[in-house]
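Results of the structural survey
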Amino acid sequence: MDEILDYIGVKSIENLFSIIPEKIRIAGLNLPDGKNEREVEMKIKKILNMNKSFFEMPSFLPIIKPHYVPPAVDEIVGRQEFYTSYTPYQPEASQGILQAMFEYQSIICELTGMDASNVSMYDSSTALGEASLMACRIKKRNKILIPKNVFWHKKSVLYNYAKGANLKIVEVEYGEDGKIKTDINEKDVAGIYIENPNFFGIIDDRYDEIEEMKENMDAILIVGVDPLYLSIFNPPSYYGADIVIGEGYLGNYMNFGGPSLGIFACKKEFIRQMPGKIVGATTDINGKRAFCMTLQTREQHIRRGKATSNICSNQALCCIAFLAYVSIMGRNGLQRVAIENMKNAKYMADRLQKIGFRLPFNSKFFNEFVVVGNIDGKKLNEKLFEKNIQGGLPVNEYLKNGILFGVTEMHSKEIIDYAVEKIKDVMEEIQ
Amino acid sequence: MAKYDEPLLNEIEKRDDDKIFEVEREKLNIPNLNEREVVKHFIHLSQMNYGVDTGFYPLGSCTMKYNYKLMEKVVKNDKINYVHPLQNEKSVQGCLHIIYELEKMLCSITGMDAFSLQPCAGAHGELTGMLIAKAYFESIGEERKEVIIPDSAHGTNPASAKMAGFEVTEIPSKNGKVDMNALKNAISEKTAAFMLTNPNTLGIFEEEIIDIAEEMKKAGAILYYDGANMNAILGKTNPGIMGFDIVHLNLHKTFATPHGGGGPGAGPVGVKKYLEKFLPVPRVCKKNGDYFFDYNRPYSIGKISNFYGNFSVLLKAYAYILLKGRELEKITERAVLNSNYLMEKLRNAGYEVPFYGRRMHEFVLSLSKLRERGIKAIDVAKRLLDYGFHPPTIYFPLIVEEAFMIEPTEDESKKTLDEFADTMKKILHEDEEILKNSPHNMPVRRVNEVMAVRNAILTWNDLKIH
Ligand SMILES: Cc1ncc(COP(=O)(O)O)c(C=O)c1O
């Protein structure tokens, strides 16, 4: 260290900081001494022991849900070459992750039927915010229609993204089938957002009606999707989508809500309005196939205040996890898991109906569904929690005593049977 | 670095590719592959990628420090991986404890009064901060539409201010620092905020910060701190004492969480007391020893992401702060020492340091003199790859021509810095053609980025057409 100080001609380390005025100097940090690795690991283990995981307490919460992650996914995203690297601004040193990103984009386009995908937004909520802004840029209007039944967290994020550009968000009612009403007549609409499956878990296969609605209003159609669902149902391109967004949870863990990734894809004609990083194929000077980030003039580091978005760091590693998951599962594996999800959800819904709950909407659903019983969801959850079960999400703001359940391939018949028994016990206790 | 002609996933030999299931979806071109092939594929790809563990990665402004393996271990735990964000609060006390404690630690490190961990990256924190500024002025019935930003600022600053609905006024720098006159002239009753990085993107400490804060206070405007360069000041000063009202941090820089090839990071936002009520919901609070979420915050801007931010990233930063404790100050000392040492070495090797003087944790060279020989910053950057170094950030900040922005971080040894400086010196005397055609021994030669824009081949389907 002295050698270095000598070289730069400074007497002590302190002198390096003499530029900072005395008035704003502080006397070190008010933190405890550092710990060794063992101490840190043990301390964190102990803290986390206050949590209960899905394996200790089965959970039926919707929105993000437990899924199995093949060990090879962890191995792949655990490669330091991927996880410690920065955004690949020097393509020659980053061909590996760039090719993976290109493959990720290709997979997203296969699933959604879109032509182009970026390498993620932060999550599905910010993706909705960005998609709405993009629709308004394309149409040069500022009104966005959204279903009334959108998870309120997502709505709140959307309102924040909409604020700066003064977007007008109009909420559209749903019908008795739980699906968004399509006979709406709004003027000056830039974008229409629908979800499929929607917040109630309902599958919307009114393909012609949806496309017609979009055409009547000459608006951008933004569709929120579940990537697993897309492996067995028609892609949004089938019914006129211009932008597709969603939560890219595959291969990623729940992690108390994040990180995951926001899927963002669109038709080719709109790529110059797309936010975020995009990777393209090209060649090197010898004509060999190579990859690099492209269309960067959309981005903040070049366009600054006029960029399509402020996003810089994104959720790239989650894209690699997503890609690794899909690669390992393949089309058949994805479809198998999707079918299992749907079957398990149906099984649970059937069982709940047998103990007195009803399905308020007579519609097909994927892996989430709403039931209504004669008990408030919050109260039911409290009682279930005492029996070591985490119930679904109460949705009283839409339906009195409504509860939204989420079920995946992780919910075996035994888990479902056990939970339904306990729900039945609670119902009997409160009678 | 290994070189493979690695096929795309859809070019790998398929296995059991027949359709098994009868489903609505007719066509889905996702290959069915043998797991063995998939793993080989990704291992090959990883071997064509440069990471922090590979070697020197002195990207200015990005703080590419070593990522402790301990952090990767502590987040591999069912008690977060399989914990749902909406579970009964009693079953997530561990997560809530970490959020609560990390917020307190960040307050103490930055001198701010309250933090929200919800933003997912630096730019997301900036947007959150700007929305807080907006909510504040709305609450006191003032319409302020302008945000002032120095021309040396990172691109996300103006982009975030714009996204929150502000008009951006860029002021020119003077001698690599904020020009006080330009700032004073730009300030008006319409000024909502001034966004500043300190030390700034040239690695220079803005010593007039006290006067700057005074000016903003006089104008009734907010002083915003872009915390990307926090690694330069830990334990020496902090944004709170400097007079900043809103701060964002990049946990993926100063607090050692890995960059993940572009993310996920975390961009917590800290504020002074008077702005606390505007922070995103929920806040984590504590009552009788139990933690709970408080959503009942009428002034809050609402939510900025799905749930509570990138939780596992937050946990890694928490572990890092536990590991280092008050000795975080030593990190700053070594980072600043390394940066000044490398700067002097490169200057002595013949490189130009605009606005020469002491630097904090990073510094910027200008390679504009090499233009006489037809050489650009990008040529030197690519040549560094041949010698096993990752190049620094180039062409940023915009106020330096042919900028070469170097941040060695605290983790690098003198030996590494010497080797880098020697290599830079050697490159300076190399033949022009060698530089212009570099790199020579990477998995690919110089990549044609112009053609990538022109052709816009963005998927394997596009590739088939071309
Ligand atoms: C000075 C500065 N500000 C802001 C940012 C944006 O941070 P992020 O990439 O986390 O959004 C960066 C990151 O590159 C930066 O260097």
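Anyway, here's the lowdown on the structure attached to this text.

1. Regarding the site of the ligand
Every one of the 15 residues lining the ligand counts as a neighbour, but Ser313(A), Ser61(B), Asp226(B), His252(B) and Lys253(B) are closest to it. Positioned at a junction of chains, the ligand has nearby residues supplied by chains A and B. Lys253(B) has a polar side-chain atom sitting 2.9 Å from an oxygen atom of the ligand. For the ligand, whose free accessible area comes to 390 Å², the fraction covered by protein is 99%.

2. A few points about helix H11 (residues 328-348) of chain B
All names here are of chain B. In this model H11 runs 31 Å from its N-terminal to its C-terminal C-alpha over 21 residues, within 8% of the 30 Å that 1.5 Å per residue would give. Counting buried positions over the 21 residues of H11 gives 17, a clear majority of the element. One or two steps after H11, the chain reaches Gly-350, where phi turns positive at roughly 110°.

3. Topic: the interface of chain A and chain B
On the chain B side, the residues contacting the 170 residues of chain A number 186 residues. Between chain A and chain B, roughly 15600 Å² of surface is buried when both sides are summed, and carbon and sulfur atoms account for 62% of that area. The largest per-residue losses of area from chain A upon contact with chain B belong to Glu92(A), Phe256(A) and Arg304(A), which jointly make up 7% of the total buried on that side. Scanning the region where chain A abuts chain B turns up 10 salt bridges. Between Glu3(A) and Lys414(B) there is a salt bridge, and its shortest N-O distance comes to 3.3 Å. Taken together, the links from chain A to chain B amount to 101 residue pairs in polar contact (both at pLDDT 80 or more). Looking at the side of chain A that touches chain B element by element, the count peaks at 17 residues for helix H10 (residues 316-354) of chain A. Grouping the amino acids of the side of chain A that touches chain B by side-chain chemistry returns 90 nonpolar, 51 polar and 29 charged.

4. Considering the side chain of His44(B)
All names here are of chain B. For His-44, the location among the structural elements is in helix H1 (residues 35-46). With relative accessibility at 16%, the residue His-44 sits in the buried group. Beyond its immediate sequence surroundings of up to four residues, His-44 is in contact with Tyr-4 and Glu-6.

5. Describing the pairing of strand S6 (residues 243-247) of chain A
All names here are of chain A. Along S6, 5 of the 5 residues are buried, which leaves the element largely enclosed by surrounding structure. Side chains Ile-243, Ile-245 and Glu-247 of S6 all project onto a buried face; the interleaved residues Val-244 and Gly-246 project onto the opposite face, where all are buried too. Here 5 bridges tie S6 to strand S7 (residues 262-266), and the two strands are oriented antiparallel to one another. Bridging from a neighbouring strand, Val-244 pairs with Ala-265 of S7.

Here is what the cut-offs are and how they apply
Residues numbered from 1 in each chain as written. Chains lettered and ligands numbered in written order. Predicted model: local features only at pLDDT ≥ 70, side-chain atom pairs only at ≥ 80, totals over all residues. Heavy atoms only, no water. Near = heavy atom within 4 Å. Polar contact = N/O pair within 3.5 Å; in protein donor to acceptor, adjacent residues only side chain to side chain. Areas by Shrake-Rupley, 256 points an atom, 1.4 Å probe, with all protein chains shown as cover. Helix = DSSP H or I, 4+ residues; strand = E, 2+ residues; numbered from the N terminus. Expected span 1.5 Å × (residues − 1). Buried < 20%, exposed > 50% of the residue type's maximum accessible area, 1.4 Å probe, protein only. Contact = heavy atoms within 4.5 Å. Buried area = accessible area lost by both parts, 1.4 Å probe. Salt bridge = Lys/Arg side-chain N within 4 Å of Asp/Glu carboxyl O. Nonpolar A, V, L, I, M, F, W, Y, C, P; charged D, E, K, R; others polar. Pairing = 2+ DSSP bridges.

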